[in-house]
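Now for the letters of each chain:
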Amino acid sequence: MKKTGKCPKCGETPVMRLPRVPDLSRNGVSSVRLYHPGLLDALQGRVATGTLEAWVCPECGYTELYTDQPRTIPLQHIEGAELVWAPEAEAERLAYEALQKKR
């Protein structure tokens with residue numbers, strides 16, 4: 001949807017882009033961000049790793065979320081998180097795992 005401007009579920013075009021996903025909290029409205037509670041920030045008690053943007057189909061409501069800084073997500077520190085490889089990317093997966101073992 002982000003690349004095509006077309007809903008992958010119902011085919012509707014155009015789709016809506018929301019550069020920030022608003023969240024209502026006790027402190028007012030803020031952008032939804034990804035946080036990792038295991039990495040502490042002295043002020044917030046957690047470290048933000050990216051702001052979410054949404055792509056929404058106005059016809060069927062299908063929604064895709066994207067983070068603006070995906071490489072900052074500390075995957076190795078999040079219990080149960082993992083990289084999921086496509087079957088045709090076996091060579092890349094093996095090279096990545098070999099590189100990780102050297103670190």
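Scroll up to find the structure this text is about.
Criteria and thresholds
Residues numbered from 1 in each chain as written. Predicted model: local features only at pLDDT ≥ 70, side-chain atom pairs only at ≥ 80, totals over all residues. Heavy atoms only, no water. Helix = DSSP H or I, 4+ residues; strand = E, 2+ residues; numbered from the N terminus. Buried < 20%, exposed > 50% of the residue type's maximum accessible area, 1.4 Å probe, protein only. Contact = heavy atoms within 4.5 Å. Areas by Shrake-Rupley, 256 points an atom, 1.4 Å probe, with all protein chains shown as cover. 1 Å grid on protein atoms, 1.4 Å probe; cavity = no way out; pocket = protein on both sides within 12 Å on 5 of 7 lines; lining within 4 Å. Points joined across faces, edges and corners; volume = space filled by probe spheres on them. Nonpolar A, V, L, I, M, F, W, Y, C, P; charged D, E, K, R; others polar. Core = buried A, V, L, I, M, F, W, Y, C linked by side-chain atoms within 4.5 Å.

Caption draft 1: Expanded view of the overall build of the chain. Tallying secondary structure elements over the chain gives one helix and six strands in all. Mapped in sequence order, the helices and strands of the chain form the string β-β-β-β-β-β-α. For the chain, the proportion of its 103 residues judged to be buried stands at 17%. At a minimum sequence separation of 6, the contacts of the chain that also span at least 24 residues come to 41%. Carbon and sulfur atoms make up 54% of the accessible area of the chain, which amounts to about 8,100 Å² in all.

Caption draft 2: Examining the layout of surface pockets more closely. By volume, the largest pocket is sized at about 360 Å³. As for the largest pocket, its lining consists of Pro70, Arg71, Ile73, Leu75, Gln76, Ala81, Glu82, Leu83, Tyr96, Gln100 and Arg103. For the lining of the largest pocket, the per-class residue count stands at six nonpolar, two polar and three charged.

Caption draft 3: Examining the nonpolar core more closely. Residues Met1, Cys7, Val15, Trp55 and Cys57 constitute the largest nonpolar core, which totals five residues. In contact with cysteine 57, other than residues within four places in its own chain, are Met1, Cys7, Cys10, Glu12, Val15 and Tyr62.

Caption draft 4: Representation of the side chain of threonine 51. Its location among the elements puts threonine 51 in strand E5 (residues 47–56). Assessed through its relative accessible area of 8%, threonine 51 is described here as buried. Apart from the residues within four sequence positions on either side, threonine 51 is in contact with Arg20, Ser31, Val32, Arg33, Tyr66, Thr67 and Asp68.

Caption draft 5: A look at unusual backbone geometry. Of note, the amide linkage connecting threonine 13 to proline 14 takes the cis form, showing an omega dihedral of 0 degrees. Mapped onto the elements of the fold, proline 14 is located in the segment before strand E1 (16–18).

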